[in-house]
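# Topology and contacts: notes
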Amino acid sequence: MLRLHDYLPSANGYKVRQLLAQLERPYERVSVDIFSGQSRTEDFLHSRNPAGRIPVLEVEPGRFIAESNAILCYLAEGTPFLPDGRFERAQVLQWLFFEQNLLEPNIGTVRYWRLTGREAQRAEAARLKSAQGLEALGTLERHLQTHRFLVDERYTIADIALYAYTHVAPDGGFALHPFPAVQAWLERVRSQPRHIGELPPYTANAHVR
Ligand SMILES: N[C@@H](CCC(=O)N[C@@H](CS)C(=O)NCC(=O)O)C(=O)O
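Scope of this entry: the structure provided in the associated data block. (Residues numbered from 1 in each chain as written. Predicted model: local features only at pLDDT ≥ 70, side-chain atom pairs only at ≥ 80, totals over all residues. Heavy atoms only, no water.)

### Side note on the side chain of Ser-68
By the element assignment, Ser-68 lies in helix α3 (residues 68–76). On the basis of relative accessible area, Ser-68 is assigned to the buried category, the value being 3%. Looking at Ser-68, its side chain comes within polar contact range of the side chain of Asn-12, at 3.4 Å. Among residues more than four places away in sequence, those in contact with Ser-68 are Asn-12, Lys-15, Val-16, Pro-55 and Gln-100. (Helix = DSSP H or I, 4+ residues; strand = E, 2+ residues; numbered from the N terminus. Buried < 20%, exposed > 50% of the residue type's maximum accessible area, 1.4 Å probe, protein only. Polar contact = N/O pair within 3.5 Å; in protein donor to acceptor, adjacent residues only side chain to side chain. Contact = heavy atoms within 4.5 Å.)

### Some details on the nonpolar core
Grouped together as the largest cluster of nonpolar side chains are 50 residues, with contacts concentrated most on Leu-140, Leu-150, Ile-157, Leu-162 and Trp-185. Looking at this core, the element that brings in the most residues is helix α6 (residues 157–166), giving 8 residues. Mapping this core onto the domain boundaries places at least three of its residues in each of domain 1 (2–79) and domain 2 (86–190). Beyond its immediate chain neighbours, meaning those up to four positions away, Leu-162 contacts Trp-95, Phe-98, Glu-99, Leu-103, Leu-140, Leu-150 and Trp-185. Val-32, Ile-54, Val-56 and Tyr-202 belong to the second largest nonpolar core, which has 8 residues in total. (Core = buried A, V, L, I, M, F, W, Y, C linked by side-chain atoms within 4.5 Å. Domains from an automatic or database assignment.)

### Regarding the site of the ligand
Close contacts around the ligand come from 13 residues, with Arg-40, Ile-54, Glu-67, Ser-68 and Gln-100 the closest. Interatomic distance of 2.8 Å between a backbone N/O atom of Ile-54 and a nitrogen atom of the ligand. Between a nitrogen atom of the ligand and a side-chain N or O atom of Glu-67, the distance comes to 2.7 Å. Relative to its unbound accessible area of 510 Å², the ligand is 80% covered by the protein chains. More than half of the atoms belonging to the ligand lie within 2 Å of the grid points that define the largest pocket. (Near = heavy atom within 4 Å. Areas by Shrake-Rupley, 256 points an atom, 1.4 Å probe, with all protein chains shown as cover. 1 Å grid on protein atoms, 1.4 Å probe; cavity = no way out; pocket = protein on both sides within 12 Å on 5 of 7 lines; lining within 4 Å. Sits in = over half its atoms within 2 Å of the grid points.)

### Observations regarding the layout of surface pockets
By rolling a water-sized probe across the atoms, one finds the places where empty space is left. Approximately 710 Å³ is the volume attributed to the largest pocket. Contributing to the lining of the largest pocket are 25 residues, with Asn-12, Ile-34, Arg-53, Ile-54 and Glu-104 lying nearest its centre. Among the elements of the structure, α1 (11–23) and α4 (86–115) are those that each provide at least two residues to the lining of the largest pocket. Among the elements that line the lining of the largest pocket, the one with the most residues is α4, at 6 residues. Counting residues domain by domain, the lining of the largest pocket receives three or more from each of domain 1 (2–79) and domain 2 (86–190). (Points joined across faces, edges and corners; volume = space filled by probe spheres on them.)

### Section: the packing of aromatic side chains
Counted according to the given criterion, the structure contains 8 aromatic pairs. Between the aromatic rings of Phe-35 and Tyr-202, the centroid separation amounts to 6.4 Å while the plane-to-plane angle is 80°, which identifies the pairing as edge-to-face. Residue Phe-35 is located in the loop between β2 (27–31) and α2 (42–47), and its partner Tyr-202 is located in the segment after α7 (180–190); the two are separated by 167 residues in the primary sequence. Judged by relative accessible area, Phe-35 falls into the partly exposed class, the value being 24%. Grouped by ring-pair contacts, the aromatic residues Tyr-7, Phe-35, Tyr-112 and Tyr-202 constitute a single cluster. (Phe/Tyr/Trp six-rings, centres within 6.5 Å; stacked < 30°, edge-to-face > 60°.)

### Concerning unusual backbone geometry
In this structure, the amide linkage connecting Ile-54 to the following residue, Pro-55, adopts the cis form with an omega of 5°. Position of Pro-55 among the secondary structure elements: in the loop between α2 and β3 (56–60). A positive phi angle is found at Glu-67, which is not glycine, with a value near 75°. You can see Glu-67 is positioned in the loop between β4 (63–66) and α3.

### Focus: the packing of α4 against helix α5 (residues 123–144)
The axes of two packed helices give the description: the angle between them and the distance between them. As a packed pair, α4 and α5 sit with axes 9 Å apart at the nearest point and diverge in direction by 135°. Of the possible angle classes, the one that applies to α4 and α5 is oblique. Viewed along their axes, α4 and α5 form a crossing whose handedness is left-handed. Residues Trp-95, Phe-98, Leu-102, Leu-103, Pro-105, Asn-106, Ile-107, Thr-109, Val-110 and Trp-113 of α4 form the contact with α5, whose own contacting residues are Ala-125, Ala-126, Lys-129, Ser-130, Gln-132, Gly-133, Ala-136, Leu-137, Thr-139, Leu-140 and His-143. When its residues are assigned to classes, the contact of α4 with α5 shows 13 nonpolar, 7 polar and 1 charged. (Axes fitted to C-alpha atoms, helices over the stretch in contact; angles between N-to-C directions. Parallel < 35°, antiparallel > 145°, perpendicular 65-115°, else oblique. Left-handed = near helix turned anticlockwise from the far one by under 90°. Nonpolar A, V, L, I, M, F, W, Y, C, P; charged D, E, K, R; others polar.)

### Points about the pairing of strand β1 (residues 2–6)
In terms of burial, β1 is largely enclosed, as 4 of its 5 residues are buried. Judged from the 5 bridges that link them, β1 and β2 form a sheet pairing that is parallel. Looking at the pairing, Arg-3 lines up with Glu-28 of β2. Pairing geometry for β1 and β3, over 3 bridges, is antiparallel. When the sheet's bridge partners are listed, His-5 is paired in β3 with Val-56. (Pairing = 2+ DSSP bridges.)

This is the structure we're talking about:
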């Protein structure tokens, strides 16, 4: 049985839960309280993920994969969520790398800082990341003006990965009304069978006191 080491409010974890639900793959969820340091213990760092982060998928006892988008690729192999063609697969990777390089570190981080009381201490960094997050939304908008889904006109793990932080961007102060094609795409993603719905809010211990 697959085991997912996870923190429910994590949008990176949400991506994996979303794909597992759509694949109808049973799994055991192992809760990791990242704000009490459970992903930074010696055991976690040495046996699960040397980077000290979730999500981590345990594919069989003692074999672990970290990085949400690597986990998506592993699970989607041989399914309609990852195209077979070399070109289409590279396009999926294009969007997965874009997500990790330009979307999650900007939109995800500003949202996290804002929702957990960390933004005021990092005002200048937040301003820069907000500008870069808007640029990432502009990139998505440009592509989605002429495409129903990110790759090959069908729903793939690229859509799952990009949806995770884009649908909660307003929590980070990113208004979505200037991006109508993005909004329409979010709706198309939400209407896919077995969509798992909302991302749970941060736990109380995520907030700085
Ligand atoms: N690039 C990684 C990012 C993982 C990540 O940043 N996870 C956060 C939760 S969203 C975490 O575990 N943070 C705990 C820590 O840094 O101690 C991925 O896509 O999985």
